[in-house]
Amino acid sequence: MATKGNSGDNRARSSVSIFIVVGLCGFFYILGAWQHSGFGKGDSIAAKIARQTDCTILSNLNYETHNGADARTDDGSESEVREIKPCDDRYIDYTPCQDQMRAMTFPRENMNYRERHCPPEEEKLHCLIPAPKGYVTPFPWPTSRDYVPYANAPYKSLTIEKAIQNWIQYEGNVFRFPGGGTQFPHGADAYIDQLASVIPMDNGMVRTALDTGCGVASFGAYLFKKNVIAMSFAPRDSHEAQVQFALERGVPAVIGVLGTIKLPYPSRSFDMAHCSRCLIPWGANDGMYMMEVDRVLRPGGYWVLSGPPINWRNNYQAWERPKEELEEEQRKIEETAKLLCWEKKHELGEIAIWRKRINYDYCREQGSQRTICKSRNADDVWYKQMEACVTPYLETSGEDEAAGGEWKPFPERLNAVPSRISSGLIPGVSAASFREDNLSWKKNVNAYKRINKIFDSGRYRNIMDMNAGLGSFAAALESSKLWVMNVMPTIAERDTLGVIYERGLIGIYHDWCEAFSSYPRTYDLIHGNDLFILYKDKCSMEDILLEVDRILRPEGSVIFRDQVDVLAKVKRIAGGMRWDTKLVDHEDGPHVSEKILVAVKRYWVAGENNATSS
């Protein structure tokens, strides 16, 4: 399978006819542009689908907003669009808060230099990150799981360094991902089936997973077959583009590391945590990293460790490490697991599985040995130092009651009232308001689908909600074709990220005054509700929009929902960013002050000198 360039068009296209992207429709067809991943037969089929598509828009979603605020300043005067220039080509893969040069100026101890270190205001780039020459739209899922166009992430080092481990292979103009890994030589499917013989993955009870040190995220990619969604992370290190490859494949992933700062996830989030040769020193720092895993693991959740030092007696020679060193490493892990009151459920070959107890009643004998964390809020983690302490369980009334609420299988848990809400842990949110929010977002998403006819086509795989609330936008979209990264702004009035995880969805804390922990061009569609109102007077609207542009793929889409005066300003800035925008009335009609801004990022690549304004 290979991609080839069209000598008459500098926009490279795939030659594989089975990879079809549906043509743009309605507003999204106004440029007459096709997705840049079809050629020949693929393009002809896409064109046929576009001709057959109903591109009508309901009258109450009239693009011509009745407020006339499209391009006016605060005083009502006309304002010229300011063109934002492209960045230099060397910034094609720029990750502002994990920049390699800046990282080297920080201490190496405990991986501090691999953590987030964002540039000061005077060093921020105020330009548009270009796509590499030859960039093509990624293949649709599930093809993208196995194939990534070479032009999108042109780094071959992993094909050499991991050649015998079957991670990734270079074939023509595409990378192929065979589903292998260091710890699963027979493929990720066989490895996951082995885990599923111990962990209940086949009945919906295990839905969310955390994959630490994920590599190219083949574990997360194949977990989708079990309807399990994994949050994968790996540092930006000497292996180029691990996380970039994961996202190109259509697998949730962020740049991250277990170092000195707490993970950006709430307590009691994940049903399972996993490490396959992730090179994290689990027994070091008084077990601090295992204690952090314990914090984010739900009571009753599972921790999987495969590779060194498990079963060191039979493997130390193959691993080429001293057996005394491996023995001590496993001793410390077992000791910390006992302190955390984890129950060992399985050890066979190089795989060990522990289960966190469902409540504190099982752990009383460890009480005097454990240092309990003093913080009253185990979810207050943004830039907070990790500690060698144990996050306490929530109180329970009996030994059979799970702390934090009863587990529900997925998809039942998606729309069930989360225990954080039913128990009153989220101020101002009741069971009734949760259900109302669910219904409201189903209505909103249906309206989005009337505006954008390709919502359900498979064109959008990686989706982000920048201000996720209760996660109802993601719940309304729930489909095997896509996943949503639910972002909880650190300045939000209510922290509801734990609710999102209880629903069987994934998400992350983030401050939008800083860059997101991702490579450029990693999301197909980005949604924001009341985001700019939230960040008013906190940081520059232009900076936020430039970050959206950085992580949005060429010809990716944006949907912002906010007050009309706010969106008028967004529209004006976006006009200088190579976006095509339209302001649309609210679903309930033109007299509602809240509006919807829809946009498409134009296709352009490094070296082009196109003007940014129409």
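Because the structure is predicted, anything quoted here is derived from the model rather than measured. (Residues numbered from 1 in each chain as written. Predicted model: local features only at pLDDT ≥ 70, side-chain atom pairs only at ≥ 80, totals over all residues. Heavy atoms only, no water.)

## Things to note about the packing of helix α9 (residues 312-319) against helix α10 (residues 323-339)
In contact at an axis separation of 9 Å, α9 and α10 are set at 130° when each is read in the N-to-C sense. Taken together, α9 and α10 sit at an angle that is classed as oblique. Our pair here, α9 against α10, has a crossing hand that is right-handed. For the pair formed by α9 and α10, the contact residues are Trp-312, Tyr-316 and Trp-319 on the first element and Lys-323, Leu-326, Glu-327 and Gln-330 on the second. (Axes fitted to C-alpha atoms, helices over the stretch in contact; angles between N-to-C directions. Helix = DSSP H or I, 4+ residues; strand = E, 2+ residues; numbered from the N terminus. Parallel < 35°, antiparallel > 145°, perpendicular 65-115°, else oblique. Left-handed = near helix turned anticlockwise from the far one by under 90°. Contact = heavy atoms within 4.5 Å.)

## Considerations on the environment of Leu-305
Its location among the elements puts Leu-305 in strand β10 (residues 297-306). Relative accessible area serves as the criterion here: at 1%, Leu-305 is assigned to the buried category. If we ignore the near neighbours within four places in the chain, the residues touching Leu-305 are Cys-275, Trp-282, Ile-310, Ile-333, Glu-350, Ile-351, Ala-352 and Trp-354. (Buried < 20%, exposed > 50% of the residue type's maximum accessible area, 1.4 Å probe, protein only.)

## A closer look at the sheet that holds strand β3 (residues 147-149)
Read across the sheet, three strands follow the order β3-β5-β4 without closing on themselves; strand pairing throughout is antiparallel. Sheet topology places β3 and β4 (169-171) at the edges, where each strand pairs with a single neighbour. Between one strand axis and the next, the sheet turns through 30° on average, direction left out of account. (Pairing = 2+ DSSP bridges.)

## Focus on the packing of aromatic side chains
Within this structure, the stated rule accounts for 21 aromatic pairs. Relative to Phe-175, the ring of Tyr-150 lies with its centre 5.5 Å away and its plane at 55°, an arrangement referred to as tilted. You can see Tyr-150 sitting in the loop between β3 and α4 (157-161) and its partner Phe-175 sitting in strand β5 (residues 174-176), a full 25 residues away along the chain. Judged by its relative accessible area of 0%, Phe-175 is buried. Here Phe-455 and Tyr-460 contribute two aromatic rings whose centre-to-centre distance is 5.9 Å and whose plane-to-plane angle is 75°, an arrangement assigned as edge-to-face. Taking the relative accessible area as the measure of exposure, Tyr-460 reaches 1% and is therefore buried. (Phe/Tyr/Trp six-rings, centres within 6.5 Å; stacked < 30°, edge-to-face > 60°.)

## Quick word on the pattern of salt bridges
Under the criterion given, the structure shown has 40 salt bridges. The salt bridge involving Asp-88 is made with Arg-90; its shortest N-O contact spans 3.4 Å. Measuring nitrogen to oxygen at the nearest pair gives 2.8 Å for the salt bridge that ties Glu-547 to Arg-550. Of this pair, Glu-547 and Arg-550 both sit in helix α17 (residues 541-551), three residues apart, which is roughly one turn of the helix. With respect to class, Glu-547 is no different from Arg-550; both count as buried. Here the residues in one salt-bridge network are Glu-121, Lys-124 and Asp-543, joined through shared partners. (Salt bridge = Lys/Arg side-chain N within 4 Å of Asp/Glu carboxyl O.)

## Structural notes on the state of the cysteines
Per the stated rule, a full pass over the model turns up six disulfides. Across the disulfide from Cys-87 sits Cys-127; the S-S distance is 2.0 Å. Residues Cys-87 and Cys-127 share a disulfide whose torsion about the S-S bond is about 100°; that sign makes it right-handed. Here the residue Cys-87 occupies a position in the loop between α1 (41-52) and α2 (100-103), and Cys-127 occupies one in the loop between α2 and α3 (143-146), the gap between them amounting to 40 residues. (Disulfide = S-S within 2.5 Å.)

## Brief notes about helix α18 (residues 564-574)
The buried fraction of α18 is high, at nine of eleven residues. Summarising the contacts, the buried residues of α18 are in contact with α16 (531-534), α17, β17 (552-563), β18 (579-585) and β19 (594-601).

## Focus: the UniProt feature "coiled-coil region" (unreviewed entry) in the protein
On the UniProt side, "coiled-coil region" (unreviewed entry) is annotated at positions that read residues 316-343 here. Note that residues 316-343 is 75% helix and 7% strand, and that its end C-alpha atoms are spaced 25 Å apart. (UniProt positions renumbered as here; feature names shortened; annotations may be inferred.)

## Examining unusual backbone geometry
Geometrically, the link from Pro-308 to Pro-309 is a cis peptide bond, its omega value of 5° lying close to zero. Going from Phe-410 to Pro-411, the amide bond is cis rather than trans, its omega being 15°. Position of Pro-411 relative to the elements: it lies in the loop between β12 (351-356) and α11 (412-415). Backbone geometry places Asn-227, a non-glycine residue, at a positive phi of 60°. With respect to the element layout, Asn-227 can be found in the loop between α6 (218-223) and β7 (229-234).

## With respect to the sheet that holds β19
Taking strand neighbours across the sheet as the criterion, the seven strands line up as β15-β14-β13-β16-β17-β19-β18 in an open arrangement whose pairing is mixed. In this open sheet, the two strands that pair with only one neighbour each are β15 (506-510) and β18. Each strand of the sheet is rotated relative to its neighbour by a mean of 20°, with strand direction disregarded. Here strand β16 (residues 523-529) pairs with β17 via six bridges, running parallel. Across the sheet, the residue bridging to Leu-525 is Ser-557, located in β17. Packing of α17 onto the sheet brings it into contact with β13 (462-465), β16, β17, β18 and β19, and relative to β17 it is tilted by some 145°. Strands β17, β18 and β19 of the sheet are contacted by α18, whose axis makes an angle of about 155° with β17.

## Focus on the pairing of β17
Burial runs high along β17: eleven of the twelve residues are buried. Across seven bridges, β17 lies against β19 in antiparallel orientation. Paired with Val-558 across the bridge in β19 is Ala-599.

## What about the pairing of strand β6 (residues 208-212)?
Along β6, five of the five residues are buried, which leaves the element largely enclosed by surrounding structure. With five bridges connecting them, β6 and β7 associate as parallel partners. Bridged to Thr-208 within β7 is Ile-229. Where the polypeptide runs from β6 across α6 and back to β7, its parallel neighbour, the crossover connection is right-handed. Note that β6 and strand β9 (residues 270-276) share four bridges and pair parallel. Across the sheet, Leu-210 pairs through a bridge with Ala-273, a residue of β9. (Right-handed = clockwise from strand over helix to strand, strands pointing away.)

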